[in-house]
Amino acid sequence: MQITSSYQVRTVRCSVSLDDTVRIYQLALSYLIGIVNDNWDAVRSITTGALEQRRYIKKLVHGNKNREFKYPEFDKMFHKYPSYLRRATITAAIGAVSSSRSNLANWENTDKHTLHLCFMWR
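In short, a report on the structure.

### Comments concerning the overall build of the protein
Then, in step 1: What the protein contains, in helices and strands, is 6 helices and 0 strands.
Then, in step 2: Order of helices (α) and strands (β) in the protein, N terminus to C terminus: α-α-α-α-α-α.
Then, in step 3: Scored against the burial criterion, the 122 residues of the protein give a buried share of 21%.
Then, in step 4: Total accessible area computed for the protein in this model is approximately 9900 Å², and 54% of it derives from carbon and sulfur atoms.

Below, the structure is given as structure tokens:
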């Protein structure tokens, strides 16, 4: 069996532009960050793992005929958004909010006087 790898191949002058895909992904990520931030207490309380956190956010933004969901605008704004990309975007949004809140908590717990002195001596 022959294995072919394309890790070393550079895409130069590709006829198919990914700019639109990246722009849509960034818009979806921005929208989902707001949703995750608004529902952070519920997301943080899920201790069974990242998969369950992702499922919780998915149920808020992506529905079906049998279930109401809290943020129907996502499906309207990002019609036919691929499920694999939605999962990746939700994971990135949870990570961004978690990191942001963790950094804020760390900053709030630092000694502000010591921190101020460190920057004065630079």
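So, next bit.
### Describing the nonpolar core
Then, in step 1: If you look at the biggest cluster of nonpolar residues, it comprises 20 residues, and the most contacted ones within it are Leu32, Ile35, Val36, Ile57, Val61, Phe74 and Ile94.
Then, in step 2: For this core, the secondary-structure elements that each account for two or more residues are helix H1 (19-38), helix H2 (40-45), helix H3 (50-61) and helix H5 (83-108).
Then, in step 3: Looking at which element gives the most residues to this core, the answer is H1, with 6 residues.
Then, in step 4: Residues in contact with Leu32, not counting those within four places in the same chain, are Ile57, Val61, Phe74, Thr89, Ile90 and Ala93.

### Section: a positive patch on the surface
Then, in step 1: A surface patch of positive charge is lined by Lys58, Lys59, Arg67 and Arg87.
Then, in step 2: Position of Arg67 relative to the elements: it lies in the loop between H3 and helix H4 (73-77).
Then, in step 3: Overall, the relative accessible area of 31% leaves Arg67 in the partly exposed class.

### With respect to the packing of aromatic side chains
Then, in step 1: Taken as a whole and judged by the stated rule, the model has 5 aromatic pairs.
Then, in step 2: Among the aromatic residues, those joined into a cluster by ring pairs are Tyr31, Phe74, Phe78 and Tyr81.

### Notes on the packing of H1 against H5
Then, in step 1: Interaxial distance between H1 and H5 falls to 8 Å at its minimum, and their mutual angle equals 50°. When the axis of H1 is compared with that of H5, the two are oblique. Judged by the twist between their axes, the crossing of H1 over H5 is right-handed. Judged by residue contacts, Tyr25, Ala28, Leu29, Leu32, Ile33, Val36 and Asn37 of H1 engage Leu85, Thr89, Ile90, Ala92, Ala93, Ile94, Ala96, Val97 and Arg101 from H5.
Then, in step 2: For the contact of H1 with H5, the per-class residue count stands at 13 nonpolar, 2 polar and 1 charged.

### Examining the pattern of salt bridges
Opposite charge on two side chains permits them to pair, given that their charged atoms come into close proximity.
Then, in step 1: Enumeration over the complete set of coordinates arrives at 2 salt bridges.
Then, in step 2: We note a salt bridge from Asp41 to Arg44, for which the minimum N-O separation is 3.3 Å. With Asp41 and Arg44 both in helix H2 and 3 residues apart, this pair spans about one turn of that helix. Take Asp41 and Arg44: they sit in the same class, and that class is exposed.
Then, in step 3: Across the pair Arg55 and Glu52 runs a salt bridge whose closest N-O atoms are separated by 2.7 Å. Linking Arg55 with Glu52, this pair stays in helix H3, spanning 3 residues, or about one helical turn.
Then, in step 4: Exposure remark for Arg55: the relative accessible area of 42% places this residue in the partly exposed category.

Cut-offs applied
- What you see as residue numbers is a count from 1 along each chain, following the sequence as written.
- Totals for whole chains, interfaces and linings use all residues, but because this is a predicted model, local features are given only for residues with pLDDT of at least 70 and pairs of side-chain atoms are given and counted only at 80 or more.
- Hydrogens are left out, water is left out, and the side-chain values use all remaining heavy atoms of the structure.
- The numbering of helices and of strands both runs from the N terminus, where a helix is a DSSP run of H or I of at least 4 residues and a strand a run of E of at least 2.
- Accessible area is worked out with a 1.4 Å probe on protein chains only. A residue is then buried under 20% of its type maximum, exposed over 50%, and partly exposed in between.
- Where accessible areas are quoted, they stem from the Shrake-Rupley method and a 1.4 Å probe; at the residue level, only the protein chains shown are allowed to cover.
- Nonpolar cores were defined as sets of buried Ala, Val, Leu, Ile, Met, Phe, Trp, Tyr and Cys residues, with membership established by side-chain atoms within 4.5 Å.
- Here a residue-residue contact requires only that any non-hydrogen atoms of the pair lie within 4.5 Å.
- For patch building, the residue pool is restricted to those with more than 30% relative accessible area and no salt bridge; the joining distance is 9 Å between like charges and 5 Å between nonpolar side chains (Val, Leu, Ile, Met, Phe, Trp, Tyr).
- Salt bridges are counted wherever a side-chain nitrogen of Lys or Arg sits within 4 Å of a carboxyl oxygen of Asp or Glu.
- Just so you know, the count uses Lys and Arg for positive and Asp and Glu for negative, and it drops His and the chain ends.
- Just so you know, the charge point we use is NZ for Lys, CZ for Arg, CG for Asp and CD for Glu.
- Pairs were defined over the aromatic rings of Phe, Tyr and Trp, the Trp ring being its six-membered one, requiring ring centres within 6.5 Å. Orientation was assigned from the angle between planes: stacked under 30 degrees, edge-to-face over 60, tilted for the rest.
- Comment: axis = line fitted to C-alpha atoms, over the contacting stretch for helices; angle = value between 0 and 180 degrees taken between N-to-C directions.
- In these notes the angle categories are as follows: under 35 degrees is roughly parallel, over 145 is roughly antiparallel, 65 to 115 is roughly perpendicular, and the rest is oblique.
- Helix crossings are classified by the rotation of the near helix relative to the far one: an anticlockwise turn of less than a right angle makes the crossing left-handed, while a clockwise turn makes it right-handed.
- Residue type decides the class: Asp, Glu, Lys and Arg count as charged, Ala, Val, Leu, Ile, Met, Phe, Trp, Tyr, Cys and Pro as nonpolar, and the leftover types, Gly among them, as polar.

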